[in-house]
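# Descriptive analysis of the structure
Listed below, chain by chain, are the residues.
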Amino acid sequence: MKSRTANMPPPQTHPLALIAELTHRCPLHCVYCSNPQELQSRDSELPTEIWSRVFREAVDLGVLQADLTGGEPLARTDILDLVKSARAAGLYVNLITSGLPLDEPKLDALIAAGLDHLQLSFQGSTEDIAAEISGTQSHRQKLRVLSWLKSRRVAVTLNFVIHRRNIHQLPGMLAIAESSSAIRIEFANVQYYGWAFANRENLLPTRSQLDASLAFIQQAQKRLEGKIRVESVVPDYYAKYPKPCMGGWGRKLMLITPSGEALPCHAAKIIPNLTFDNVRDRPLQEIWLASETFQKFRGQSWMQDPCKSCDRREIDYAGCRCQALLLTGDPAATDPVCSLSPQRQKVDAILTTINSPALPPLVVAQLAAPVPSGTGTPACAPTTTHPTSTPNQSRADTPATWLYRPNPA
Amino acid sequence: MMDEMTLDHASKPRLAPGVRLGENNSQRVLLMPERALRLMGPSLEIIERCDGKHTVANIVADLQKIYSKAKPEKVAEDILGYLQLLQKERALDFEP
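How each quantity is defined
- Residues numbered from 1 in each chain as written.
- Chains lettered and ligands numbered in written order.
- Predicted model: local features only at pLDDT ≥ 70, side-chain atom pairs only at ≥ 80, totals over all residues.
- Heavy atoms only, no water.
- Helix = DSSP H or I, 4+ residues; strand = E, 2+ residues; numbered from the N terminus.
- Areas by Shrake-Rupley, 256 points an atom, 1.4 Å probe, with all protein chains shown as cover.
- Salt bridge = Lys/Arg side-chain N within 4 Å of Asp/Glu carboxyl O.
- Buried < 20%, exposed > 50% of the residue type's maximum accessible area, 1.4 Å probe, protein only.
- Core = buried A, V, L, I, M, F, W, Y, C linked by side-chain atoms within 4.5 Å.
- Contact = heavy atoms within 4.5 Å.
- 1 Å grid on protein atoms, 1.4 Å probe; cavity = no way out; pocket = protein on both sides within 12 Å on 5 of 7 lines; lining within 4 Å.
- Points joined across faces, edges and corners; volume = space filled by probe spheres on them.
- Nonpolar A, V, L, I, M, F, W, Y, C, P; charged D, E, K, R; others polar.
- Pairing = 2+ DSSP bridges.
- Axes fitted to C-alpha atoms, helices over the stretch in contact; angles between N-to-C directions.
- pLDDT = per-residue confidence, 0-100.

## Some details on the overall build of chain A
In terms of helices and strands, chain A carries 14 helices and nine strands. Summed over its atoms, the accessible surface of chain A is roughly 16,500 Å², and 54% of this surface lies on carbon and sulfur atoms.

## As for the pattern of salt bridges
Residue and element names in this part refer to chain A. Throughout the structure, instances matching the rule amount to 28 salt bridges over all chains. As a salt-bridge pair, Glu-104 and Arg-152 come within 3.2 Å of each other at their nearest N and O atoms. You can see Glu-104 sitting in helix H3 (residues 104-113) and its partner Arg-152 sitting in the loop between helix H5 (139-149) and strand E5 (155-162), a full 48 residues away along the chain. Judged by relative accessible area, which is 35%, Glu-104 ranks as partly exposed. Glu-286 is the partner of Arg-282 in a salt bridge, and the nearest nitrogen-oxygen pair spans 2.9 Å.

## Notes on the nonpolar core
Residue and element names in this part refer to chain A. Grouped together as the largest cluster of nonpolar side chains are 62 residues, with contacts concentrated most on Phe-55, Leu-68, Leu-158 and Phe-187. Ranked by residues supplied to this core, first place goes to helix H1 (residues 48-61) with seven residues. Look past the residues within four positions of Leu-158 in its chain and what remains in contact with it is Leu-120, Phe-122, Leu-146, Ile-176, Ala-177, Ser-180, Ala-182, Arg-184, Ile-185 and Glu-186. If you look at the next biggest cluster of nonpolar residues, it comprises 25 residues, including Ala-196, Leu-204, Leu-327 and Ile-354.

## Some words on empty space enclosed by the protein
All names here are of chain A. Within the structure shown, the criterion is met by four cavities of 30 Å³ or more. In this structure, the largest cavity encloses a volume near 100 Å³. Taken together, 13 residues line the largest cavity, and the ones lying closest to its centre are Cys-245, Trp-249, Gly-319, Cys-320 and Arg-321. Looking at the lining of the largest cavity residue by residue, the classes come out as 10 nonpolar, two polar and one charged. By volume, the second largest cavity is sized at about 80 Å³. Of the residues in the lining of the second largest cavity, the class split is seven nonpolar, one polar and three charged.

## What to know about the sheet that holds strand E1 (residues 17-21) of chain A
Residue and element names in this part refer to chain A. Strands sit in the order E7-E6-E5-E4-E3-E2-E1-E8-E9 across an open sheet of nine strands; the sheet is mixed. In this open sheet, the two edge strands, each paired with only one partner strand, are strand E7 (229-233) and strand E9 (262-263). In the packing of helix H9 (residues 207-223) onto the sheet, the strands contacted are strand E6 (184-189) and E7, and the crossing angle to E7 comes to about 160 degrees.

## Looking at the confidence of the model for chain B
In this model, chain B carries a mean pLDDT of 92, and residues with pLDDT of at least 70 account for 95%. Predicted as a complex, the structure gets a pTM of 0.89 and an ipTM equal to 0.93.

## Describing the sheet that holds strand E2 (residues 20-24) of chain B
Two strands in a sheet stick together by hydrogen bonds in their backbones, pointing the same way (parallel) or opposite ways (antiparallel). Residues and elements named next belong to chain B. The three strands are arranged E2-E3-E4 in an open sheet whose pairing can be described as antiparallel. The sheet terminates laterally at E2 and strand E4 (35-38), the two strands that pair on one side only. Between one strand axis and the next, the sheet turns by 35 degrees as a mean value, whatever way the strands run. Across five bridges, the pairing between E2 and strand E3 (residues 27-32) is antiparallel. Note on E3: the bridge partner recorded for Arg-20 is Leu-31.

## Here's the deal with unusual backbone geometry
Among all residues except glycine, the phi angle is most often negative; among peptide bonds, the trans geometry is most common. Of note, the amide linkage connecting A:Gly70 to A:Gly71 takes the cis form, showing an omega dihedral of 10 degrees. Positioned with a positive phi, B:Glu34 is a non-glycine residue whose angle comes to about 60 degrees. By the secondary structure assignment, B:Glu34 is in the loop between E3 and E4. Residue B:Glu34 is classed as partly exposed on the basis of its relative accessible area, which comes to 41%. The backbone phi angle of B:Arg90 is positive, close to 65 degrees, even though this residue is not glycine.

## Points about the pairing of E3(B)
All names here are of chain B. Linking E2 to E3, which pair antiparallel, is a turn of two residues; within it Asn-25 sits at a positive phi near 50 degrees. As paired elements, E3 and E4 share four bridges and run antiparallel to each other. What sits directly across from Val-29, in E4, is Arg-38. Taking the residues that link successive antiparallel strands as the turn, the E3-E4 hairpin has two residues, and the phi of Glu-34 there is positive, at about 60 degrees.

Set out below in structure tokens:
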């Protein structure tokens, strides 16, 4: 039996997974990166010993799984020690990686260190699209990683991030997955926060694209049942009800940033007037149970109408606080993607623009800048805007100008 | 194409790569990508036999002995249902 800190019984509601953003450094510059726009520097990253303590505290709190992510988690030179310590603490260890820094010896060392599950992210089914989206030549290396994984005992998930520029590639993506050793595929539409929010007008698929993709995915799920778990995440702007974001605020998940701040979700730092405890200063259990931020939108007392009297409030927990802020200006509002939201027309207006066949000039992301020097420049340099499209051309066919995610200092 | 997955009773189920037993708060759990299944009583006894050595038929016979007061066909039905659920989750490989 493990000793429990301060003789406290495990709390009734405890997080099931700890998302450990080990670093914001990354060789890719994806235009929909889920990291915040203010990236944390290498100097501010937590050292190995503090991460090891956090993993032990997480297990005491009831956490079952650790998601080692980034940025690119393999950019940490102590990644093997981090995998070992997470596993030794008693966690199921997931690594969410681009695969770029991998070679066969490194892969073997990770598995020997206790890695349970490797999730490889893909930007498309072909090098050209993948390079445009990630600003890096990376696709061929990912295919190499898949060939190495075939002969090794580790669970493999392929994560395809879907949007308007690659949604037509689903058959190619599925073919890559079927020829690999993956037991799981995620077709995850981009969610619109941070970098993706800035690039939204270039990423959001049209209704007809989405419908076709969902029909394809449903067929794949049926055909591959028992062989590959095929999971699908829709862009919630098209949904009738909001997603239960993070399984509810402060209910299932805890995210630790590279510098040690504990967050209820990836984007929470955009919400004004929240303060974030740091794992350097306060034990995880205390942060989870007692910090003002984790309690802020927990439960129902903070909800407004129509959520507070809605039958679905225990299903979707009023949706996403960050999306409410981004689209309505109020983080406590009903997530405006909900068809019951008094502000749903804001989402509908965005969809009308995206689905309009006679397009206005493509919106250029205001901060558009080429990827800074360092790991490379975008393989596909940003193009200028394009007022020349014909009236019948769908927005889906038009070239895009991207705001690439840079590398932190 | 089959409408329902069928299990070969002579095959030997084995936990798939990246699927393993874990423990949390003295509770046994089956850990796998993005999932954790709580195990108790019969489910744990089934999982412990998914070792690539017991056939499906062996597992059924073992549990029919352990749960000798239950109807044997009910025990068999429950086990097959549970193995199918695990197969759907991709938690098991079935070795010939």
